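Each chain, written out:
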Amino acid sequence: MRILTDFRRVVCGISGGVDSAVAAYLLKKKGFKVIGVFMKNWDSRDESNTCLSLENDLEDAESVCRQIGIELIHVSFVKEYWNEVFSNFLSDYENGLTPNPDINCNRFIKFGSFYRHAFDKLGADAIATGHYAQTTFGSFLEDYQPNTDSYSYLRIRIYGDCNSQYCT
């Protein structure tokens, strides 16, 4: 399997769980320059003055990245999560709907804030997570062809229209 020269630097969301650890490991093993990013999306200290789960997840993420031999960067998207995900969740719930915050988290945080941070601040060529996905680009982007219908469709689905600087 060949590695595309277009994609050398991959920023991988690292949660501290097995799936993201395996994704980062496989990418590094395939020869990509992998940078791990641990996203803080919720501030538990506001609720109980403790943050054990987040601290444990961070420790796991740090341990995984040390073992794999990749850098781990900590990023806070607490404000973005509150404004773009949780506030909408509360509003929908108050209006009698059954909201699913994971959908907006994917759209606004993972494929919004994280995506922009990875490309604009970390110089990523691609992003990865431990989530399962079936793409037409191949497991390691070996079938990627820019400016094709599937590439444009993905950009439009994530950003809503082609007026965004992230939509070509």
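Preceding block: the structure.
Residues numbered from 1 in each chain as written. Predicted model: local features only at pLDDT ≥ 70, side-chain atom pairs only at ≥ 80, totals over all residues. Heavy atoms only, no water.

*Asks:* Whenever I open this one, the sheet that holds strand E1 (residues 9–13) confuses me. Can you help?
*Replies:* Strand pairing in a sheet is mediated by backbone hydrogen bonds. Such pairs are either parallel or antiparallel. Pairing is parallel in the open sheet, where four strands are placed in the order E3-E2-E1-E4. The open sheet is flanked by strand E3 (71–76) and strand E4 (126–128), the only strands paired with a single partner. The sheet shows a mean angle of 30 degrees between the axes of neighbouring strands, taken without regard to direction. Pairing of strand E2 (residues 33–40) with E3, which is carried by six bridges, proceeds in the parallel orientation. Bridge assignment links lysine 40 to a residue of E3, and that residue is serine 76. Against the sheet, helix H1 (residues 18–29) contacts E1, E2 and E4, and its axis sits at roughly 170 degrees relative to E1. (Pairing = 2+ DSSP bridges. Helix = DSSP H or I, 4+ residues; strand = E, 2+ residues; numbered from the N terminus. Axes fitted to C-alpha atoms, helices over the stretch in contact; angles between N-to-C directions. Contact = heavy atoms within 4.5 Å.)

*Asks:* Help me out: how do you make sense of the state of the cysteines in this one?
*Replies:* By definition, a disulfide links two cysteine residues through a covalent bond between their sulfur atoms. Under the criterion given, the structure shown has zero disulfides. With no disulfide of its own, cysteine 12 has cysteine 65 as its nearest cysteine by sulfur position, at a separation of 8.1 Å. On the basis of relative accessibility, which here comes to 0%, the residue cysteine 12 falls in the buried class. (Disulfide = S-S within 2.5 Å. Buried < 20%, exposed > 50% of the residue type's maximum accessible area, 1.4 Å probe, protein only.)

*Asks:* For this particular structure, what's the right way to read H1?
*Replies:* Every α-helix carries 3.6 residues per turn, so stepping three or four residues along brings you back to the same face. The terminal C-alpha atoms of H1 lie 16 Å apart, and with twelve residues this matches the ideal 16 Å at 1.5 Å per residue to within 8%. Turning to H1, its buried residues are Ser20, Ala21, Ala23, Ala24 and Leu27. Relative to the axis of H1, the buried residues are bounded by an arc of 160 degrees and lie together on one face. Seen from the buried face of H1, the exposed residues on the opposite side, beyond 90 degrees, are Val18 and Lys29. Downstream of H1 by a residue or two, glycine 31 has a phi angle that is positive, lying close to 100 degrees. (Expected span 1.5 Å × (residues − 1). Arc of directions from axis to C-beta.)

*Asks:* What exactly am I supposed to notice about the nonpolar core here?
*Replies:* Note on soluble globular proteins: their nonpolar side chains tend to be buried together. If you look at the biggest cluster of nonpolar residues, it comprises 20 residues, and the most contacted ones within it are Cys12, Ile14, Ala24 and Val34. Elements with a contribution of two residues or more to this core: E1, H1, E2, helix H3 (52–68) and E4. Per-element accounting of this core gives the leading share, five residues, to H3. Those residues in contact with alanine 24 that sit more than four places away from it in its chain are Cys12, Ile14, Val34, Ile68 and Ile70. Judged by nonpolar contacts, the second largest core, of 15 residues, contains Ile35, Val37, Ile73 and Val85. (Core = buried A, V, L, I, M, F, W, Y, C linked by side-chain atoms within 4.5 Å.)

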